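# Analysis of the macromolecular model
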Amino acid sequence: MTQPASIQPKKSFLERLPSLSILGPVVALVFMTAFFGFSTTTFFTSRNLSQILQQVMIVGVIGIGQTLVILTAGIDLSCGVVMAFGSIVMTKFAVEYGVPPILAIFAGIAATTLFGFINGILITRVKLPPFIVTLGMLNIATALTLIYSKSQTISGVPDALLFFGNTLKFGETQITYGVILMLALFTLTWFILSETAPGRHLYAVGNQPEAARLTGIPTDRVILVVYTVAGLIYGIAAWLLVSRYTVGNPNAGQTENLESITAVVLGGTSLFGGRGMIFGTLLGAIIIGVLASGFIQMGIPSTYQLLITGALVILAVATDQFTKRKS
Amino acid sequence: MNNPKIVMQAKNISKRYGQVTALDGADFELLDGEILAVIGDNGAGKSSLIKVLSGATIPDSGEIMLDGKTVHFHSPIDARRQGIETVYQDLAVAPAMTIAENLFLGREILRPGFLSKFFRLIDKKKMLQEANRHMQDLKIGIRSMQQSVETLSGGQRQGVAVARSAAFARHVIILDEPTAALGVKEGNMVLELIRNIRDKGLPVIIISHNMPHVFEIADRIHIQRLGRRAGVVDPKKVSMSDTVAVMTGAKQPADLGDGLLIA
Ligand SMILES: Nc1ncnc2c1ncn2[C@@H]1O[C@H](COP(=O)(O)OP(=O)(O)OP(=O)(O)O)[C@@H](O)[C@H]1O
Ligand SMILES: [Mg+2]
């Protein structure tokens, strides 16, 4: 009040430092990669690295939807099985009903989008907590997937559904179209979140819904759109899933429900909403993939991977809690 | 300034909540370029009155006029379109977002061009410049508009909320208890800010329970009692104790002599 504002916005050294929430995962990833690289001869092979990216692809794409949801202070426990349902719709339509592949894909994505929309309606109109709504949807989607597929794997999938399994070769390194799509989706989401008004509104709604509402932001509509778009993203993930495993698998998606949340949290996005970066989720997903791969290379049972991931999640949430309390 | 024009006026406003009568034929008047304090005991209907003026509640009966023309507000957004900005007591800002973002929340400046408008691309640079300009205008000394609001003190946060209203208000600014949660120094900072806004020509309505603040800053004081206006007094001519006596019903407004502007 006393001294006038300076014209040049200056940032102190501390303000310039990327926050702990993004620095943490980067440091963790660098250490892990270095560790596995030194401990094994197989980790740093291009084959293994592209394998890791393949592994990360599904969780990464689901994680984009999950990040949007968590940024609004919500949660989606149903993402993995909704994806599975979408993949069954796609493959069944294409294989059993003989629907043109493109339309089958479209139907699968429409189905997952509808799931997301219903989640959104229950949360914004019926005012049910996201945790409960998506927990219910987890069971419903699981059941529907098994009923609809009669618990049978669907094979003989046409090529269009496998499109994202095709690879680009850079010398020794192979990258699937799916991985490229994932990176493109992350970039597009980043752009929307940081450069458009609706993106900023999403953060405001997650951070302080009442303040957002009073400035005229239609908070319920923002949340409804977020859950619906998340559903659409799970549909894209379903296509990637089919491309990767070349079948419609009714038991897919079980681990992705929680793994996507793990990726989001490891990537420094706050479970309280309104804080986080989309690329953090990519880091988080890569951390999970690197851990899994590294442990396999070292011949350590995957149980230990669970142990470490669990500890990292708690560490990440503790950091989040600590930063929140500080302010 | 012999006969300053009436910017905002409310006549015979009533609002009932079930059995409770919150407003019982209340009148209200805001003059151009003034700071009008609204005081009253708990439950006197201050917040109810302000909510009617800001479009947050719709009265059962009565009339609101802006520049002499009758208006009907169905939501706070309606009022805002008419250039009336309200700072609600809490929850006015998004703490994790930057000052610049908070100033333009819900009204972001978009980049020029048809495509940018269609995809609603925000113009961060312009918003930063504008934020700096507004804060300088109001002499709020905050170094960077890119720091998040949670890094600010309580008074500075309130300053951001008030500055946002000032940036967009074309007609009236309404502040509900802007100094309630603040220490002495920070409270004074916000009072200074309110004066700056008034001096730029925008009339301000301020609700407060803090009598020293009210007497320090107000040009006129609207005393609300039992859902109506008990009177409007001139703080330069009426003592604090007499004002409080009217507010609580210990004295009649007529006892105040020529300090009473409107009965
Ligand atoms: N939404 C509501 N529902 C029911 N009663 C209400 C509501 N809002 C206000 N009232 C009642 O109307 C009366 C006036 O309330 P109001 O909030 O306007 O008083 P106030 O002067 O702002 O008091 P305070 O100084 O405590 O904020 C009170 O009796 C209150 O209980
Ligand atoms: Mg009140």
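What comes next is a walk through the structure. Here the structure is a predicted model, which is why all the values come from computation and not from measurement.

### Concerning the sheet that holds strand β5 (residues 69-71) of chain B
All names here are of chain B. If you trace the 4 strands from one edge of the open sheet to the other, you get β2-β1-β4-β5, paired in antiparallel fashion. Looking at which strands have only one partner, the edges of the open sheet turn out to be β2 (20-31) and β5. The mean angle between the axes of side-by-side strands here comes to 25°, regardless of whether they run parallel or antiparallel. Strands β1 (6-17), β2 and β4 (61-66) of the sheet are contacted by helix α1 (residues 46-53), whose axis makes an angle of about 60° with β2.

### Digging into empty space enclosed by the protein
By rolling a water-sized probe across the atoms, one finds the places where empty space is left. Enumeration according to the criterion identifies 1 cavity of 30 Å³ or more in this entry. Roughly 190 Å³ of volume is contained in the largest cavity. In terms of lining residues, the largest cavity is bounded by 17 residues, among which Leu214(A), Arg80(B), Glu85(B), Thr86(B) and Tyr88(B) are the most central. Elements represented by at least two residues in the lining of the largest cavity include exactly α2 (76-81), β6 (84-87) and α6 (154-168) of chain B. It is β6(B) that contributes the most residues to the lining of the largest cavity, 4 residues altogether.

### Some words on helix α5 (residues 124-137) of chain B
All names here are of chain B. Here α5 is 14 residues long and its end C-alpha atoms lie 20 Å apart, about the 20 Å a rise of 1.5 Å per residue gives. Regarding α5, the residues found buried are Met127, Leu128, Ala131, Asn132, His134 and Met135. Seen from one end, α5 has its buried residues packed into an arc of 165°, which puts them on one side. Where α5 is buried, its residues contact α3 (99-103) and α6.

### Description of the sheet that holds strand β8 (residues 204-207) of chain B
Residues and elements named next belong to chain B. Taken together, the 7 strands give an open sheet; going across it, the order is β6-β7-β8-β3-β9-β10-β11, and neighbouring strands pair in mixed fashion. Edge positions in the sheet fall to β6 and β11 (260-262), since each has one partner strand and no second. Each neighbouring strand pair of the sheet contributes to a mean axis angle of 25°, computed without reference to strand direction. Bridge count for strand β9 (residues 220-225) against strand β10 (residues 228-233) is 5 bridges, and the pairing is antiparallel.

### Side note on the side chain of Ser87(A)
Residues and elements named next belong to chain A. By the secondary structure assignment, Ser87 is in helix α4 (residues 79-95). Of the residues examined, Ser87 reaches a relative accessible area of 0% and is grouped as buried. Ignoring any residue separated from it by four or fewer positions in sequence, one finds Ser87 in contact with Ala238, Leu241 and Val242.

### Re the side chain of Arg164(B)
Relative to the assigned elements, Arg164(B) resides in helix α6. This buried residue, Arg164(B), is left without a salt bridge; Glu85(B) holds the nearest opposite charge, at 5.9 Å. Those residues within four positions of Arg164(B) in sequence are excluded, and the remaining contacts are Thr215(A), Ala92(B), Asn102(B), Leu103(B), Leu105(B) and Arg107(B).

### Looking at the interface of chain A and chain B
At the interface, 33 residues of chain A touch 39 residues of chain B. Taken together, both faces of the contact between chain A and chain B bury some 3,100 Å²; the carbon and sulfur share is 58%. With a closest N to O distance of 2.6 Å, Glu101(B) and Arg200(A) form a salt bridge. In this assembly, chain A and chain B are joined by 11 residue pairs in polar contact (both at pLDDT 80 or more). Looking at the side of chain A that touches chain B element by element, the count peaks at 7 residues for helix α8 (residues 197-207) of chain A.

### Observations regarding the layout of surface pockets
Residues and elements named next belong to chain A. Considering only enclosed or pocket space, the second largest pocket measures out at about 870 Å³ in volume. Lining the second largest pocket are 34 residues, with Ile192, Thr196, Pro198, Gly199 and Val225 positioned closest to its centre. It is helix α10 (residues 219-245) that contributes the most residues to the lining of the second largest pocket, 8 residues altogether. Classifying every residue of the lining of the second largest pocket by side-chain character gives 23 nonpolar, 7 polar and 4 charged.

### Describing the environment of Ile308(A)
Residue and element names in this part refer to chain A. As for its position among the elements, Ile308 is in helix α13 (residues 302-326). Ile308 gets classed as partly exposed once you look at its relative accessible area, which sits at 34%. Leaving out residues up to four positions away in the same chain, Ile308 has contacts with Leu291 and Phe295.

### Overview of the site of ligand 1
Residues and elements named next belong to chain B. Neighbouring residues of ligand 1: Tyr17, Val20, Ala22, Asp41, Asn42, Gly43, Ala44, Gly45, Lys46, Ser47, Ser48 and His209. Note that an oxygen atom of ligand 1 is positioned 2.8 Å from one of the backbone N or O atoms of Gly43. Across the complex, the protein chains shield 60% of the 630 Å² of accessible surface that ligand 1 would expose by itself. Sorting the residues of the shell around ligand 1 by element identifies β2 and α1 as the ones contributing at least two each. In terms of residues, the shell around ligand 1 owes the most to one element, α1, which gives 3 residues. Of the residues in the shell around ligand 1, the class split is 4 nonpolar, 6 polar and 2 charged.

Reading guide: rules and limits
Residues numbered from 1 in each chain as written. Chains lettered and ligands numbered in written order. Predicted model: local features only at pLDDT ≥ 70, side-chain atom pairs only at ≥ 80, totals over all residues. Heavy atoms only, no water. Pairing = 2+ DSSP bridges. Helix = DSSP H or I, 4+ residues; strand = E, 2+ residues; numbered from the N terminus. Axes fitted to C-alpha atoms, helices over the stretch in contact; angles between N-to-C directions. Contact = heavy atoms within 4.5 Å. 1 Å grid on protein atoms, 1.4 Å probe; cavity = no way out; pocket = protein on both sides within 12 Å on 5 of 7 lines; lining within 4 Å. Points joined across faces, edges and corners; volume = space filled by probe spheres on them. Expected span 1.5 Å × (residues − 1). Buried < 20%, exposed > 50% of the residue type's maximum accessible area, 1.4 Å probe, protein only. Arc of directions from axis to C-beta. Lys, Arg positive; Asp, Glu negative; His and termini not counted. Salt bridge = Lys/Arg side-chain N within 4 Å of Asp/Glu carboxyl O. Buried area = accessible area lost by both parts, 1.4 Å probe. Polar contact = N/O pair within 3.5 Å; in protein donor to acceptor, adjacent residues only side chain to side chain. Nonpolar A, V, L, I, M, F, W, Y, C, P; charged D, E, K, R; others polar. Near = heavy atom within 4 Å. Areas by Shrake-Rupley, 256 points an atom, 1.4 Å probe, with all protein chains shown as cover.

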